[in-house]
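Single-letter residue listing:
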Amino acid sequence: MKQELVARDLIASDEAAAFFNAWAIDEERHTDGFIRIIELVANGSEKTLRERLEARSHDFGPIVEHLKDEFSVMVMIAFDEMCTCRAYAAEKPFYDALGNNTFHHWLREVIADEAVHSMNAVNVICSRYRDRIGQVGTILDNLIRAADTLRYSGTFVLDYFGAVYSRELLADSRLATMRNIAKPLIV
Ligand SMILES: [Fe+2]
């Protein structure tokens, strides 16, 4: 994802660059954690899991039209991180059922990280693109429509699969993102 943004020259401001650096580190840590959990729970080997991750297609085609500029990318990420935050929260019972407190705490940390990512993206939007906030609703509507009709994978955003990513979850996340963006920036 990050390489794609750099290649498309979509990171324009220092604020966004700082955001992406911190974000990439967190997401890599999450991936490592999920791989360890799958290893422990499902007896997968790390090598096979990483190979399968690598083998996922990185088809940006369907979301390219939403990656116009830094602003639209930040809106998409603010929304995406809100969705993953809520989706992980919905998966809490599964992790609790694994019977080890470590999973429970790890998932809580991941959920908190995702919420922070969303807020960080919101802060970039509010500090750099205050004049374009009126466009956020339309962008999110387009993304939700795209998520409904298209299946893409491996992009690390809008990579929704599984029952937890319901229409309701997407609609709630849209609302929460809009609300956070509408809130005046606390300086
Ligand atoms: Fe994330």
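What you are looking at is a predicted structure, and each value in this text was computed from that prediction instead of being measured. (Residues numbered from 1 in each chain as written. Predicted model: local features only at pLDDT ≥ 70, side-chain atom pairs only at ≥ 80, totals over all residues.)

K.L.:
What is the right way to look at the overall build of the chain in this model?
P.N.:
For the chain, the helix and strand inventory stands at nine helices and zero strands. Written out in order from the N terminus, the α and β elements of the chain read α-α-α-α-α-α-α-α-α. When the 187 residues of the chain are sorted by exposure, 25% land in the buried category. A fraction of 80% describes how many contacts in the chain between residues 6 or more apart in sequence connect residues 24 or more apart. (Helix = DSSP H or I, 4+ residues; strand = E, 2+ residues; numbered from the N terminus. Buried ≥ 20, exposed ≤ 12 C-beta atoms within 10 Å, placed from the backbone. Contact = placed C-beta atoms within 7 Å.)

K.L.:
Got a minute to help me understand the packing of helix α2 (residues 14–42) against helix α7 (residues 101–128) in this structure?
P.N.:
How two helices sit against one another is set out by the angle between their axes and by the gap between those axes. At a minimum axis distance of 11 Å, the contact between α2 and α7 shows a crossing angle of 165°. Taken as axis vectors, α2 and α7 run roughly antiparallel relative to one another. At the point where α2 passes α7, the crossing takes the left-handed sense. Along the contact surface, α2 presents E15, A16, F19, W23, D26, H30, G33 and I37, while α7 presents F103, W106, V110, D113, H117, N120, A121, V124, S127 and R128. A class-by-class count of the residues in the contact of α2 with α7 yields nine nonpolar, five polar and four charged. (Axes fitted to C-alpha atoms, helices over the stretch in contact; angles between N-to-C directions. Parallel < 35°, antiparallel > 145°, perpendicular 65-115°, else oblique. Left-handed = near helix turned anticlockwise from the far one by under 90°. Nonpolar A, V, L, I, M, F, W, Y, C, P; charged D, E, K, R; others polar.)

K.L.:
Before we go on, may I ask you to explain the nonpolar core in this structure?
P.N.:
Soluble globular proteins tend to bury their nonpolar side chains together. Core analysis: the biggest nonpolar cluster contains 30 residues, and M74, V75, A78, F79, A121 and I125 have the highest contact counts within it. When residues of this core are traced back to their parent elements, those giving at least two are α2, α5 (70–90), α7, α8 (136–149) and α9 (167–182). With 13 residues, α5 is the largest single contributor of residues to this core. Excluding anything up to four places from it in sequence, A121 contacts F19, M74, I77, A78 and E81. (Core = buried A, V, L, I, M, F, W, Y, C linked by C-beta atoms within 7 Å.)

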